[in-house]
Amino acid sequence: QTTFAFNRQGALGKTLFIKYKLKNQGTQTLDEMYISQWADPDLGGGAGFTDDLVGCDTLPDGTGKPRSLGYVYNSTNNDGGYGSAPPALGYDFFQGPSVGGNPLGLTSFAKYINGTDPASAEETYHYMEGLGSDGGGITDPFGEPTKFMHAGDPVSPGPTSWLDTNPADRRFFMSSGPFTMAPGDSQEVVVAVVIGQGNDRLSSISALRFNDEFAQDAFDRDFDLPSPPAQPRVTVSEDHNQITLSWDSQSRTGYTQAGYAFEGYNVYQGESV
């Protein structure tokens, strides 16, 4: 396992990369193999981990590529550590196991509550397959069979969106497979851990998806990215009931590299003291 990150502004600065290299050094072929990213994402300060909800996103992103995202978000806009703007945390298979030269994405997502963990290897494997812990199939509340628990969109829910509605100390499996590893075979799998924070719990999911998409694109480009533009020189002037910010154009002048165009500034106002 190799874990790495970037000291950089923007989405890459909010992403942790985990690269797993697997090799079958035994003498037997491993059939029907899965790889899972397990998570116990305790979101929030104090006892905030007891009000978590989870979900997964397998819909196409802005590039048309299916996401392989599992995530946790707050059930309310009130968190002991983050106040009214709790972030969302996601895990994504940026590169799943390869089958026939093609990497698999997320093939199942299963959640459970702390204290109801799988009690055996068989129960764990059933979760990885996208089944219930007893090996039976999973059916959503609308009667449809699925391997993806809570794949509905909390930001824009539809009439048949299966959402997590029972906040608790959540844990989940994100799995990809099946695949086969003959003796001597190797696989390289990359999982990203991404943060998004907006103005509230649901806009944080939107921010997470944005950062996830950008980081996935950077990974797909083998991190061949332009350097960030120079920071603008900002001057501040104060007047009655107003503050004026002025900055030069050095950040945006001529900044178009590797297909990236300068898109503007974000200005933030913090709380008064």
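Refer to the structure above for everything that follows.
Residues numbered from 1 in each chain as written. Predicted model: local features only at pLDDT ≥ 70, side-chain atom pairs only at ≥ 80, totals over all residues. Heavy atoms only, no water.

Peer 1: Please clarify how the overall build of the protein should be interpreted in this entry.
Peer 2: Of the regular secondary structure elements, the protein holds two helices and 17 strands. Its C-alpha atoms give the protein principal-axis dimensions of about 70 × 40 × 35 Å. The buried share of the protein, taken over its 273 residues, is 38%. Of the roughly 15,000 Å² that the protein leaves accessible, carbon and sulfur atoms contribute 48%. (Helix = DSSP H or I, 4+ residues; strand = E, 2+ residues; numbered from the N terminus. Buried < 20%, exposed > 50% of the residue type's maximum accessible area, 1.4 Å probe, protein only. Areas by Shrake-Rupley, 256 points an atom, 1.4 Å probe, with all protein chains shown as cover.)

Peer 1: Looking at this structure, I do not really get the packing of aromatic side chains. What am I missing?
Peer 2: In this description, an aromatic ring pair is defined by two values, namely the gap between the centres and the angle between the planes. This structure, assessed with the given rule, holds 16 aromatic pairs. On the basis of an interplanar angle of 10° and a centroid distance of 5.1 Å, the ring pair of Phe4 and Phe17 is categorised as stacked. Here Phe4 is found in strand E1 (residues 2-5), whereas its partner Phe17 is found in strand E2 (residues 15-23), with 13 residues between them in sequence. Looking at Phe4, the relative accessible area reads 25%, which means it is partly exposed. For Phe17, a relative accessible area of 0% gives the class buried. Measuring from ring centre to ring centre gives 5.0 Å for Phe109 and Phe172, while their planes differ by 40°; the resulting arrangement is tilted. Taken together, the residues span a long stretch of sequence, with Phe109 in strand E9 (residues 108-113) and Phe172 in strand E12 (residues 170-181) at a distance of 63 residues. With respect to class, Phe109 is no different from Phe172; both count as buried. (Phe/Tyr/Trp six-rings, centres within 6.5 Å; stacked < 30°, edge-to-face > 60°.)

Peer 1: Looking at this model, I keep getting lost on the pattern of salt bridges. Mind explaining?
Peer 2: Two side chains that carry opposite charge are able to pair once their charged atoms sit near each other. Under the counting rule described, the total for this entry stands at eleven salt bridges. We note a salt bridge from Asp117 to Arg171, for which the minimum N-O separation is 2.5 Å. Here Arg171 lies in strand E12 and Asp117 lies in the loop between E9 and helix H1 (121-129), a separation of 54 residues in the sequence. Residue Arg171 is classed as buried on the basis of its relative accessible area of 15%. A salt bridge links Arg233 to Asp248; its shortest N-O distance comes to 3.0 Å. Of the two residues, Arg233 is situated in the loop between helix H2 (201-220) and strand E14 (234-239) and Asp248 in the loop between strand E15 (242-247) and strand E16 (256-257); the sequence distance between them amounts to 15 residues. (Salt bridge = Lys/Arg side-chain N within 4 Å of Asp/Glu carboxyl O.)

Peer 1: Help me understand the side chain of Gln37 in this model?
Peer 2: Its place among the elements puts Gln37 in strand E3 (residues 30-39). Polar side-chain contacts of Gln37 include one of 2.8 Å to the side chain of Tyr20. Those residues within four positions of Gln37 in sequence are excluded, and the remaining contacts are Tyr20, Tyr91, Phe93, Phe172, Phe173, Met174 and Val191. (Polar contact = N/O pair within 3.5 Å; in protein donor to acceptor, adjacent residues only side chain to side chain. Contact = heavy atoms within 4.5 Å.)

Peer 1: Quick question: what am I supposed to make of the sheet that holds strand E4 (residues 52-57) here?
Peer 2: Whether parallel or antiparallel, the strands of a sheet pair through hydrogen bonds between backbone atoms. Pairing within the open sheet is antiparallel, and its six strands lie in the order E1-E2-E13-E6-E5-E4. The two strands at the open ends of the sheet, each matched to only one other strand, are E1 and E4. On average, each strand axis in the sheet is inclined to that of its neighbour by 20°, with strand direction left out of account. Across the sheet, H2 is in contact with E2, E4, strand E5 (69-74), strand E6 (88-95) and strand E13 (186-196); its angle to E6 comes to roughly 25°. (Pairing = 2+ DSSP bridges. Axes fitted to C-alpha atoms, helices over the stretch in contact; angles between N-to-C directions.)

Peer 1: Help me understand H2 in this model?
Peer 2: Given 3.6 residues per helical turn, the α-helix brings residues three or four places apart onto the same face. An ideal rise of 1.5 Å per residue puts 28 Å on 20 residues; H2 measures up with 29 Å between its terminal C-alpha atoms. Taken together, the buried positions of H2 are Ser204, Ile205, Ala207, Leu208, Arg209, Asn211, Asp212, Ala215, Gln216, Ala218 and Phe219. Looking at the buried residues of H2, the elements they touch are E2, E4, E5, E6 and E13. N-cap assignment for H2: the residue whose side-chain oxygen lies 3.2 Å from the backbone N of Leu202 is Asp200. One or two residues past the end of H2 sits Asp222, with phi positive at roughly 55°. (Expected span 1.5 Å × (residues − 1).)

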